[in-house]
Structure formats: structure tokens, C-alpha cells
Amino acid sequence: MGAGYGTSSDRIAPRMRKAWVSVSGVAILAAAWEMAVRLETGSLLPGPFAVVRAIGELAANGLLWKHLVASLFRVTWGYLLAVLLAVPAGMLLGSTRRPEQAIGPYLEVLRPISPLAWIPIAILWLGVGDQAAIAIIFLASFLPLTLAVKNAVRRIPKVHLQAASNFGLGGAARVRKVIFPAIAPQLIVGLRLTMGIAWLVVVAAEMIAVNSGLGFLIIDARNAGNRYDLVVAGMVLIGMVGLGLDTALLRLERLPALRWGYANASERR
Amino acid sequence: MIQALGTEDLPAASKVQVRGLNVTFENDGQPIHILKDIDLAVAPGEFVCILGPSGCGKTTLLQVLGGFLAPTSGGVFIDGEPVIRPDPRRIFVFQERGLFPWLTTEENIGFGIDRLGRPERRARIQRYVELVGLGGFERAFPHELSGGMKQRAEVARALAMNPDVLFLDEPFGALDSITRLTLRRELLRIWEAERKTILFVTHDIEESVQLADRIVVLSLRPATVRRVVEVDIPHPRDLSSRRYLELRDSIGAEIGLAHRV
């Protein structure tokens, strides 16, 4: 509420200051980078200007969009598939004893296996191509999201479940009106973390399993003539897209019906 | 056990009947007897307090009455029907945090009545918002309300279902003493207006003497009905009257409380 009492200029001023601090931080870093590259003669590493030029080149010849769309396409499918299956699977494991006892130990064994270890098997089963990459992203996202949902369901206070029974809710209505809203805040945290993992994994999968996408761009630029400016351009693009995806999901946490679920809910009002 | 009891031999005047109720929990293979041979009859529209020390099994008894917990033996009958599961005709008001934190006050109060038509639902929400004095807080989320307001909202949510029995499990236990007193007065006002049958669990002797028509005093574990006290003081009750103090002190003596701190 505090901000509501200030005039509009009061509210803009701190934001401007914050933006100014970020911009100067980036500028200082870029200057230091450029200087370091110039001092080290014969280095293959590009400076910031070379990277910006490389991004411009990629944008101009259309490769930027081609690779970006390829990566996003794979992440979207692998991730959406994982979300669609992990949410019901997590709810089932969280609300029943027996399936949890039967499957739980296997999940615990699978969990420490890096999703990248699945790349050879994915290629063996699905061949080199989009399907293998999507399968790897699916595997990387499905497990952590299932466990996040399961734990969230486990943590629903008993009074809410009892109130649901008392008000005569069963089956689908119970899931829709009580279980789903009760886990929503933690589900969104899980979605954010999983999106981060999916975006990390797509780059690695594209270096091996396919011949397009931002991961392929990086490995191809190195192999086809040591174009390290393109390598770093790819890295910068990956970072920016990842940040964008995270910011989009972070916005969901500000919804009024979810705010209760985050630690400092009482301070945010 | 339930089948063994004919419903026809129950007194017709009772709203709630508890017959030979026993609850035993198992803990590490050791049986723990929580409730022992509880018999109880509550008349329609009666306000009954279940009083006992912390941990004696009061809440367990209320959970069985509400249909959340199956008894080990014996049974509960409401309107002559055995209670086997929770039922929207009998609403449970929880100790605290029973409101759904993702819904506003009005959405919480309207939670159980979405089968009603829109205008009727609106009207009922408005009626109970006003009855519990939460006007102006319809759009607030539970984390924006004080403890007392949350408790009022929960009572309103229960009443909006138009139940015939209300189960209240130490509803004012977590509140400060001033708010507690105000809410007791409001609960009595609401009860006089709506005439629900109320079963109210508390460990507070004063609270039970202020509210109840009858007080069921439970013993320590395993809980048995130690005594049933009729509170023959008309409302509004004078908390310094001789009869009030007499009842309060006799129950205190029964439980084994000293008169001096």
C-alpha cells in the first residue's frame, strides 16, 4: 500500500535510478571486457563490439530467427508435454499412498541421472532430429516437476482437504476448487525452475542430437572456422531468451490469488 | 456395531445422538484409548460445549461427530441416521486457517453455495458478510484480515451453507481476550437469530459457562463424560452473578483447578 501514497514522480524516480545503475553496470563490464581482449593480442575471444556485430550478422542473414525458433519449438513441445503429464502424475503421487510407495524409489534413482546422459538412448530410439531433442527436454522437465507437484500436494493443510469434504466436493470438483489452487504457488515456482532446466538442456541436446538451434549454432560456429564471435553471440542470445522466459513466469507470482503462497505475502500488500 | 443399534429406540427429540462411542489409535503397535464409552444426546437448536483439558480427545470427538473419523466402536446418529462421512448439512469450523487463502472473503463465504443461482448466491453472501460484520472486506484475501476477522469469515462460510448443525473446534482459541469476548457475544447473537444446533469444543471453563445451554465435561485420557452441567442462566449472562461464579467454580473444582493463582 505504501507506494499508493506517493505522487507519480516519487514512484518513477527510484525506478529510473535502478535502471541507471543497471545500465552503468553493463557499460563498465563491457568496457573491461573490450580492454582485456585488446590487451591480449592474438586472442580468439571477441570483444563486445564484435559480439554485437555477430548478432547483427545473424539477424541480417536470417540464421538468428531460424535457430531461435528451432530451439523454442523443441523447448515448447518437450516442456508442455512434461507439464501436461507431470501435473496429474504429481497429484496422484501426492494424494495416494500406494502408487507413491510403488514408484517413489524408481524416481529417486532416476533423479540424480543427468538428463544429458539420456542423449545416446534418445538418439538410439528416435534418431538424430527434433524428436530426440524433445524427448530429452521432456525427461529433464518431467521428473523435477512431478516431484515438485507431489510435494506441494503433500503440504496442503489437512483442514483444507477436510473443508472440501465437508462442503461435499469430490473428484474433479475437489481437484479444481481446492487441490489445484492450493498447490498453484508452488506449482509456479516448479514451472519456473523446470523452464530453466529445459532451456539449459535444449542447448546441450542441440550440440549433439540435431543440426539447428542455438546450441547447434555455437558448436557449428566453432567447428566451421573458429568464429568465436558467433559462439559468444549464441551464448548472449541464450542468456537473454532464458531471462525473458523466467521473467514471464515470474509475473504469474504476482497474481492476487497466488500472493498468499509466497513467504513475504504479508509485506507485499 | 452401528447395525446393532436400532434407530427406533433413540429419543425422537434428539438432533445428535452419541452411543457407546470408543476411539482407539494405534501408535507403534501400542493401542491408545482416546475416547471411552461416550454417550451424549443433543436437542435441536441446543448449544452444547464440550469441555476438557488440552489433549484429552475433545477434537477427536468432534471429528467423529463431523464424520471425518470413523469410531472404533459405537456410533453417532444425526436425525436418526448414522454419520459415516462429512455432510454439507453439518459444517465444521476449524481451529484456525480453515479459510482458503486463495479466495477473497466473499469467495470463501460463497464457496459451498455455487449451486444456487447468481442473484440468490450474491444475496446470501451479502447477508452473512453483514451478519458477521465484515462489510468492506468482501474483496480482501485472508492474509489481509486479522485473526478475529478470519474467524468471523469462517463462521460466515459455514452459516452460508445453511447447515442444521455447526461444529466449532476451539474457534476463538488463538485470539486475544478482547476479540474473544466480542466474538462470543456475536456467536450468541447469531445463534439466537439462526437457531442452529451447536457443538462447541473448548478448554476454557469461562467460555463454556458464558455460551452453553449444557456443558459436557470430559475427563483426561481416555476421555469419558465426567459430568454434564446445565447452565440455567438466561442470556445475556452476567459474568459477575452468583450463579455464574458458582457454576464456573464447581466445574473448576471438578477438573481439579485451584481457586488461586
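Residues numbered from 1 in each chain as written. Chains lettered and ligands numbered in written order. Predicted model: local features only at pLDDT ≥ 70, side-chain atom pairs only at ≥ 80, totals over all residues. Heavy atoms only, no water.

**Here we look at the overall build of chain B**
Alright, step 1. Along the backbone of chain B there are seven helices and 10 strands.
Alright, step 2. In terms of overall dimensions, chain B is globule-like: its C-alpha atoms have a radius of gyration of 19 Å, near the 18 Å expected for 261 residues.
Alright, step 3. Seen along its three principal axes, the alpha-carbon backbone of chain B occupies a region of about 50 × 45 × 40 Å.
Alright, step 4. Considering chain B as a whole, with its 261 residues, one finds that 52% of them fall into the buried category.
Alright, step 5. In the structure as shown, chain B presents an accessible area of about 12000 Å², 51% of it carried by carbon and sulfur atoms.
Alright, step 6. Averaging the locations of the 33 positively and 36 negatively charged side chains of chain B gives two centres separated by 2 Å. (Helix = DSSP H or I, 4+ residues; strand = E, 2+ residues; numbered from the N terminus. Rg over C-alpha atoms; globule rule 2.2 N^0.38 Å. Buried < 20%, exposed > 50% of the residue type's maximum accessible area, 1.4 Å probe, protein only. Areas by Shrake-Rupley, 256 points an atom, 1.4 Å probe, with all protein chains shown as cover. Lys, Arg positive; Asp, Glu negative; His and termini not counted. Charge placed at Lys NZ, Arg CZ, Asp CG, Glu CD.)

**Thoughts on the overall build of chain A**
Alright, step 1. Looking only at helices and strands, one finds 11 helices and zero strands in chain A.
Alright, step 2. Start at the N end of chain A and walk to the C end: the helices and strands fall as α-α-α-α-α-α-α-α-α-α-α.
Alright, step 3. Taking 269 residues into account, the globule formula puts the C-alpha radius of gyration at 18 Å, and chain A, at 23 Å, lies well above it.
Alright, step 4. Reported as C-alpha extents along the three principal axes, the dimensions of chain A are approximately 75 × 65 × 30 Å.
Alright, step 5. Considering only intrachain contacts with a sequence separation of at least 6, the fraction spanning at least 24 residues in chain A is 72%.
Alright, step 6. Summed over its atoms, the accessible surface of chain A is roughly 15400 Å², and 69% of this surface lies on carbon and sulfur atoms.
Alright, step 7. With 26 positive and 13 negative side-chain charges, chain A shows a spacing of 14 Å between the two charge centroids. (Contact = heavy atoms within 4.5 Å.)

**Quick look at the nonpolar core**
Alright, step 1. Counting residues in each nonpolar core, the largest one holds 135 residues, and the members touching the most others are Phe-47, Leu-65, Val-76, Leu-199, Phe-200 and Ile-215 of chain B.
Alright, step 2. Ranked by residue count, the leading element in this core is helix α8 (residues 171–208) of chain A, at 13 residues.
Alright, step 3. Once residues within four sequence positions are removed from consideration, Leu-65 of chain B is found in contact with Val-16, Val-18, Ile-50, Val-76, Ile-78, Val-83, Phe-167 and Leu-199 of chain B. (Core = buried A, V, L, I, M, F, W, Y, C linked by side-chain atoms within 4.5 Å.)

**What to know about the interface of chain A and chain B**
Alright, step 1. At the junction of the two partners, chain A supplies 20 residues and chain B supplies 25 residues.
Alright, step 2. Between chain A and chain B lies a buried interface of about 2000 Å² when both sides are counted; carbon and sulfur atoms form 66% of it.
Alright, step 3. Our enumeration of links across chain A and chain B arrives at one salt bridge.
Alright, step 4. Residue Asp-114 of chain B is joined to Lys-177 of chain A by a salt bridge in which the shortest nitrogen-to-oxygen separation is 2.5 Å.
Alright, step 5. Counting every contact that joins chain A to chain B gives seven residue pairs in polar contact (both at pLDDT 80 or more).
Alright, step 6. Looking at the side of chain A that touches chain B, the elements with two or more residues in it are α7 (158–166) and α8 of chain A.
Alright, step 7. Here the side of chain A that touches chain B is composed, by residue class, of 12 nonpolar, five polar and three charged. (Buried area = accessible area lost by both parts, 1.4 Å probe. Salt bridge = Lys/Arg side-chain N within 4 Å of Asp/Glu carboxyl O. Polar contact = N/O pair within 3.5 Å; in protein donor to acceptor, adjacent residues only side chain to side chain. Nonpolar A, V, L, I, M, F, W, Y, C, P; charged D, E, K, R; others polar.)

**Here's the deal with the packing of α7 of chain A against α8 of chain A**
Residue and element names in this part refer to chain A.
Alright, step 1. As a packed pair, α7 and α8 sit with axes 10 Å apart at the nearest point and diverge in direction by 150 degrees. The interaxial crossing formed by α7 with α8 has right-handed handedness. Listed contacts from α8 to His-160, Leu-161, Ala-164 and Ser-165 of α7 are Arg-174, Val-178 and Ile-179.
Alright, step 2. Class assignment of the residues belonging to the contact of α7 with α8 gives a composition of four nonpolar, two polar and one charged. (Axes fitted to C-alpha atoms, helices over the stretch in contact; angles between N-to-C directions. Left-handed = near helix turned anticlockwise from the far one by under 90°.)

**Looking at the packing of aromatic side chains**
Alright, step 1. The full count for this structure, using the stated rule, is 12 aromatic pairs over all chains.
Alright, step 2. Judged by centre distance (5.3 Å) and plane angle (80 degrees), the rings of Phe-68 of chain B and Phe-92 of chain B are edge-to-face. Residue Phe-68 of chain B is found in the loop between α1 (58–66) and β4 (73–78), and its partner Phe-92 of chain B is found in strand β6 (residues 90–93); the two are separated by 24 residues along the sequence. Residues Phe-68 of chain B and Phe-92 of chain B agree in their burial class; the two are buried.
Alright, step 3. A ring pair is formed by Phe-100 of chain B and Phe-111 of chain B, whose centres lie 4.5 Å apart and whose planes are at 45 degrees; its orientation type is tilted. Taken as a pair, Phe-100 of chain B in the loop between β6 and α2 (105–109) and Phe-111 of chain B in the loop between α2 and α3 (118–131) lie far apart in primary sequence, 11 residues in all.
Alright, step 4. The exposure class assigned to Phe-111 of chain B is buried, which follows from its relative accessible area of 5%.
Alright, step 5. Taken together through their ring pairs, the aromatic side chains of Phe-167 and Trp-260 of chain A together with Phe-100, Trp-102 and Phe-111 of chain B make up a single cluster.
Alright, step 6. The ring of Phe-111 of chain B carries the charged tip of Lys-177 of chain A above its face, separated from the ring centre by 4.5 Å.
Alright, step 7. Its end group placed over the ring of Trp-191 of chain B, Arg-195 of chain B keeps NZ or CZ at 4.2 Å from the ring centre. (Phe/Tyr/Trp six-rings, centres within 6.5 Å; stacked < 30°, edge-to-face > 60°. Lys NZ or Arg CZ within 6 Å of the ring centre and 35° of its normal.)

**Side note on the side chain of Glu-154 of chain B**
Alright, step 1. Structurally, Glu-154 of chain B can be placed in helix α4 (residues 147–160).
Alright, step 2. Overall, Glu-154 of chain B belongs to the buried group, its relative accessible area being 3%.

Worth remembering: the numbers are spatial, not functional.
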